[in-house]
Amino acid sequence: MDYTGTDLKGALDNCEKALFYLHTALEDLNRAYGWGVADILGGALFISLAKRKKMQNADQNLTLAKNNINRLLRGLHSKTTIDSVDFLPGGFLSTTDFLFDNFVSDMMVQEKIRNARASVNETIEKLEKIREHLMARLYTNNY
């Protein structure tokens, strides 16, 4: 496939935006994990609310990242796939964690946060490789 400089710049822009949102989501997940530890150790309602807020922030940033990843892959007409980085524990787990706020539900949410952090890190690695490839192509096309 032969891309123009404009196509490559647009793809690189989408890649950079996705990476920004993924890094921001990872920060939120790390903070949620910290609040989760405090929650497990006997946190009160304030701690649960702080944890939930960080989880919601992470979910919003992951949605923005996913939108940019989809634009990136569509723009490149790529057969490459990047696994979904959905996060927010919804339904039963969310309700259980908030209403019952017990050790078991706290541990289940911590596991969900831990898995999300691993998934985000994997996605960041994949996008950084794509970014390197795009930058190399852009540099080659300009010279």
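Just above sits the structure.
The shown structure was predicted, so the numbers you read here are calculated from the model rather than taken from an experiment. (Residues numbered from 1 in each chain as written. Predicted model: local features only at pLDDT ≥ 70, side-chain atom pairs only at ≥ 80, totals over all residues. Heavy atoms only, no water.)

Per the counting criterion, the structure on display carries 2 aromatic pairs. Geometrically, the ring pair formed by Phe 20 and Tyr 21 is edge-to-face, given 5.3 Å between the ring centres and 70° between the ring planes. Their ring planes at 85° and their centres at 5.8 Å tell us that Trp 35 and Phe 46 sit as a pair that is edge-to-face. Taken together, the positions of Trp 35 in helix α1 (residues 5-40) and Phe 46 in helix α2 (residues 45-75) put the pair 11 residues apart, joining distant regions of the chain. We classify Phe 46 as exposed; its relative accessible area is 60%. Over the face of the ring belonging to Tyr 33 we find Arg 117, whose NZ or CZ atom lies 4.2 Å from the ring centre. (Phe/Tyr/Trp six-rings, centres within 6.5 Å; stacked < 30°, edge-to-face > 60°. Helix = DSSP H or I, 4+ residues; strand = E, 2+ residues; numbered from the N terminus. Buried < 20%, exposed > 50% of the residue type's maximum accessible area, 1.4 Å probe, protein only. Lys NZ or Arg CZ within 6 Å of the ring centre and 35° of its normal.)

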